[in-house]
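# Breakdown of the fold
One letter stands for each residue in the lines below.
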Amino acid sequence: LTQLFRPLDLLGMVYRTVRQGVVDMGAMFDLIDAPAEIVDVANAPPMTVTRGHVRFEGVGFDYGDGRQILNGIDLDIPPGTTLAVVGPSGAGKSTLARLLFRFYDPTAGRITIDGQDIAQVAQASLRSAIGIVPQDTVLFNDTIGYNIAYGRADATAAEIAEAARGASIAPFIASLPDRYDTRVGERGLKLSGGEKQRVAIARTLLKNPPVLILDEATSALDSRTEADILDTLEAIERGRTTIVIAHRLSTVVHADRIVVLEGGRVVESGSHADLLRLGGTYAEMWARQAAEREAALAEA
Ligand code: ATP
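Residues numbered from 1 in each chain as written. Predicted model: local features only at pLDDT ≥ 70, side-chain atom pairs only at ≥ 80, totals over all residues.

### Quick notes on the overall build of the chain
- Assigned secondary structure in the chain consists of 10 helices and 12 strands.
- Within the span of the chain, comprising 300 residues, buried residues form 33% of the whole.
- At a minimum sequence separation of 6, the contacts of the chain that also span at least 24 residues come to 73%. (Helix = DSSP H or I, 4+ residues; strand = E, 2+ residues; numbered from the N terminus. Buried ≥ 20, exposed ≤ 12 C-beta atoms within 10 Å, placed from the backbone. Contact = placed C-beta atoms within 7 Å.)

Here you go:
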């Protein structure tokens, strides 16, 4: 009888581990509902990412409640370039990122990386190729070193320190009582929004993924911290195919291409200069945010 149950136990353990992984990533994406179960196709091969060419081809999506969230999305993100996605709240920006990470499968069209349909490859290989810097990083009640290495249990102390330098959080860690062994999280040192984001950046540097999703923090950072973080983010975007889910336009000016999403459709696409010239939604958003920035400066 024990023989019979052993494989089941093992299966249960694997299932729980996988679930846990999904829930952690879900929390990072600010997903309250557990995502639908995505199952690999039989004998799904691992994905091989050589250049990191990401394409959305005629992608449509609904969450199953009959509301069409994305419609006919065509995006071509050449290797190593940055695409910024902007648009009003509820336009479907985060949904695009969730589909790329395969929390859900599109209901129409497909997404490919280097020509491989992401729904046809092993999920683990897809997810190991994509790094996410979320809006709000989940910290574990453990040391700051553990938190940076999270997801790369084999990382050496030297690699962790290098990632911390790359994320410009090394001087902060050097000032902590126990340095990399300082406990953080609910039951330890509380980190600011900017410091947490730097931990996420350091994690990403350790993972070294060819494809990157940045879900930009909305309000957690003051403008000084935001400017500092932007420099660091630009550094990690270099050489990777990056999708930035942007809430503030000041952060997208450098993107190779910007798309404006509205009601689940791409309504404008081009560089910052192109879109200003177009005088449409983006130009309006830009003028509004510039006015808000000026008002805030006048108040300060
Ligand atoms: P914001 O800028 O506010 O973050 P967004 O453009 O990222 O918005 P999404 O989070 O992609 O928008 O949401 C797009 C639409 O999908 C919204 O109307 C939202 O209510 C809906 N939606 C998001 N997640 C779910 C879900 N799990 N189930 C059902 N509907 C959802």
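### Here we look at helix H10 (residues 281–299)
- If you check H10, its first and last C-alpha atoms are 27 Å apart, about what 19 residues at 1.5 Å a residue would give, namely 27 Å.
- Counting buried residues along H10, only 1 of its 19 residues qualify, which leaves the element largely exposed. (Expected span 1.5 Å × (residues − 1).)

### Description of the confidence of the model for the chain
- On average, residues of the chain carry a pLDDT of 84, and 85% of them reach 70 or more.
- pLDDT under 50 marks residues 1–34. Its contacts with residues more than four places away, or in other chains, come to 15 contacts.
- For this predicted complex, the interface confidence comes out at an ipTM of 0.97, alongside a pTM of 0.83. (pLDDT = per-residue confidence, 0-100.)

### What to know about unusual backbone geometry
- Here Asn-43, not a glycine, exhibits a phi torsion of approximately 55 degrees, which is positive.
- If you trace the backbone, Asn-43 turns up in the loop between helix H1 (2–28) and strand E1 (54–62).
- For Arg-102, which is not glycine, the phi dihedral falls at a positive 60 degrees.
- When you line up the elements, Arg-102 lands in the loop between helix H2 (93–100) and strand E4 (108–113).

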